[in-house]
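# Observations on the three-dimensional arrangement
This is what each chain is made of:
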Amino acid sequence: MTRAIFSSTVTESTEIQPLRPEFKVPEEPNQLFYVQRSPNANTVVYAAKLDGQGNFDSRSPVEAFWRKFNIDGGKQPLNFIERMMAYGVRLSARKAKEPITFAIAALPQRKLSLGLDAQHHPQATMTIGSRVVKLAYVYLHVMEGGLMPSVPEIDIFGTDVANGKAVHEHLIER
């Protein structure tokens, strides 16, 4: 399977703007970020899994699941194809005391780091341009049809950890 190649535009603003304000924003315990898609309000949530001592679960530190907001808001696991091809979490191999890094199945080249913010809340950070950004949400412009839907545009939103400004990366498939 060939991976899409995207061109990127990065902008900065004072606050993160929702692309679809009519979509509900999830509020989950230990939420890292979420993914919304153009077809409907169903949202994939990524949350940190912690052990009894408040440390990241060593075997599965990030879980991804649906919030079916266009139905009843219920929580639903990702199915096999969603985990393998689109929204599943791929942990990078690591040694003890090294940061936890992971990627999302559909964008394996974009690495995220799992850590704690200044208030000791779980966060996922990634590099956008030359900035380290605390990821807030991702919006996928989905084109239905054919065997598999395509995603010709992606918007990534977060906050620059150095200056607190909102950062928006717009990716367009070339």
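In what follows, the structure referred to is the one given above.
Residues numbered from 1 in each chain as written. Predicted model: local features only at pLDDT ≥ 70, side-chain atom pairs only at ≥ 80, totals over all residues. Heavy atoms only, no water.

### Re a nonpolar patch on the surface
Definition in use: For patch detection, residues must exceed 30% relative accessible area and be free of salt bridges, and they are connected within 9 Å for like charges or within 5 Å for nonpolar side chains (Val, Leu, Ile, Met, Phe, Trp, Tyr). Using a 1.4 Å probe, accessible areas were evaluated by the Shrake-Rupley method; residue-level cover was limited to the displayed protein chains. Any Lys or Arg side-chain nitrogen located within 4 Å of an Asp or Glu carboxyl oxygen qualifies as a salt bridge. Per the convention used, a helix needs a DSSP run of H or I reaching at least four residues, while a strand needs a run of E reaching at least two, with both numbered from the N terminus. For every residue, the accessible area obtained with a 1.4 Å probe (protein chains only) is divided by the maximum for its type, and the residue is called buried under 20%, exposed over 50%, and partly exposed between those limits.
On the surface, a nonpolar cluster with roughly 660 Å² of combined accessible area is contributed by Phe80, Ile81, Met84, Met85, Leu147 and Met148. Topologically, Phe80 is positioned in helix 1 (residues 80–86). Note on Phe80: relative accessible area 54%, which makes it exposed.

### A closer look at the packing of aromatic side chains
Applicable threshold: Stacked, edge-to-face and tilted labels apply to pairs of Phe, Tyr and Trp rings (six-membered ring for Trp) whose centres lie within 6.5 Å, assigned for plane angles under 30 degrees, over 60, and everything in between, in that order.
Scanning the model with the defined rule gives 4 aromatic pairs in all. Judged by centre distance (4.5 Å) and plane angle (10°), the rings of Tyr137 and Phe157 are stacked. Here Phe157 lies in strand 11 (residues 150–160) and Tyr137 lies in strand 10 (residues 131–143), a separation of 20 residues in the sequence. Among the residues examined, Tyr137 registers a relative accessible area of 3% and is labelled buried.

### With respect to the pairing of strand 2 (residues 31–37)
The condition is simple: Here, strands pair whenever DSSP counts at least two bridges between them.
Within strand 2, 6 of the 7 residues are buried, leaving the element largely enclosed by the surrounding structure. Here strand 2 runs beside strand 3 (residues 40–48); their pairing, made up of 6 bridges, is antiparallel. Considered in strand 3, the bridge of Gln31 is made with Ala47. Between strand 2 and strand 3, which pair antiparallel one after the other, the connecting turn spans 2 residues.

### Description of the pattern of salt bridges
Inspection of every chain in the model, using the stated rule, returns 7 salt bridges. In the salt-bridge network here, residues are joined through shared partners; they are Glu12, Arg131, Asp160 and Lys165.

### Some remarks on unusual backbone geometry
The phi dihedral of Asn30 is positive, around 60°, even though this residue is not glycine. At His120, a residue that is not glycine, the phi angle is positive and equals roughly 65°. In this fold, His120 is placed in the loop between strand 8 (107–116) and strand 9 (122–128). Note on His120: relative accessible area 60%, which makes it exposed.

### Notes on the nonpolar core
Taken as a class, soluble globular proteins show a tendency for nonpolar side chains to be buried jointly. What counts is decided by this rule: What is meant by a nonpolar core is a set of buried Ala, Val, Leu, Ile, Met, Phe, Trp, Tyr and Cys residues, joined one to another through side-chain atoms within 4.5 Å. Between two residues, a contact is recorded if the distance between any of their heavy atoms is within 4.5 Å.
Residues Phe33 and Tyr46 are the most contacted members of the largest nonpolar core, which totals 31 residues. Ranked by the residues each element gives to this core, the list is headed by strand 10, at 5 residues. Those residues in contact with Tyr46 that sit more than four places away from it in its chain are Gln31, Leu32, Phe33, Val35, Val62, Glu63, Ala64, Tyr87, Val89 and Ile104. Within the second largest apolar cluster, 7 residues are counted, among which are Phe23, Tyr137, Tyr139 and Phe157.

### Brief notes about the pairing of strand 12 (residues 166–173)
Here 8 bridges tie strand 1 (residues 6–13) to strand 12, and the two strands are oriented antiparallel to one another. Residue pairing in the sheet places Ser8 in a bridge with Leu171 of strand 12. Sheet topology note: the strand 11/strand 12 ladder contains 7 bridges and is antiparallel. What sits directly across from Phe157, in strand 12, is His168. The turn joining strand 11 and strand 12, which pair antiparallel and follow one another in sequence, is formed by 5 residues; a positive phi near 75° is taken by Gly164.

### Brief notes about the side chain of Glu82
Keep this limit in mind: Charge convention: Lys and Arg are scored as positive, Asp and Glu as negative, and His as well as the terminal groups of each chain are ignored. We call two N or O atoms a polar contact when they sit within 3.5 Å, provided that within protein one can donate a hydrogen and the other can accept it, with sequence-adjacent residues counted only if both atoms are side-chain atoms.
Mapped onto the elements, Glu82 comes out in helix 1. No salt bridge is formed by the buried Glu82, whose closest oppositely charged neighbour, Lys68, lies at an N-O distance of 5.7 Å. Side-chain polar atoms of Glu82 contact the backbone nitrogen of Asn79, separated by 2.8 Å. Sequence-distant contacts of Glu82, defined by excluding residues within four places in its chain, comprise Trp66, Pro77, Tyr87 and Gly88.

### Brief notes about the environment of Leu107
Topologically, Leu107 is positioned in strand 8. Residues Leu107 and His168, spaced 61 residues apart in sequence, show a C-alpha to C-alpha distance of 17 Å.

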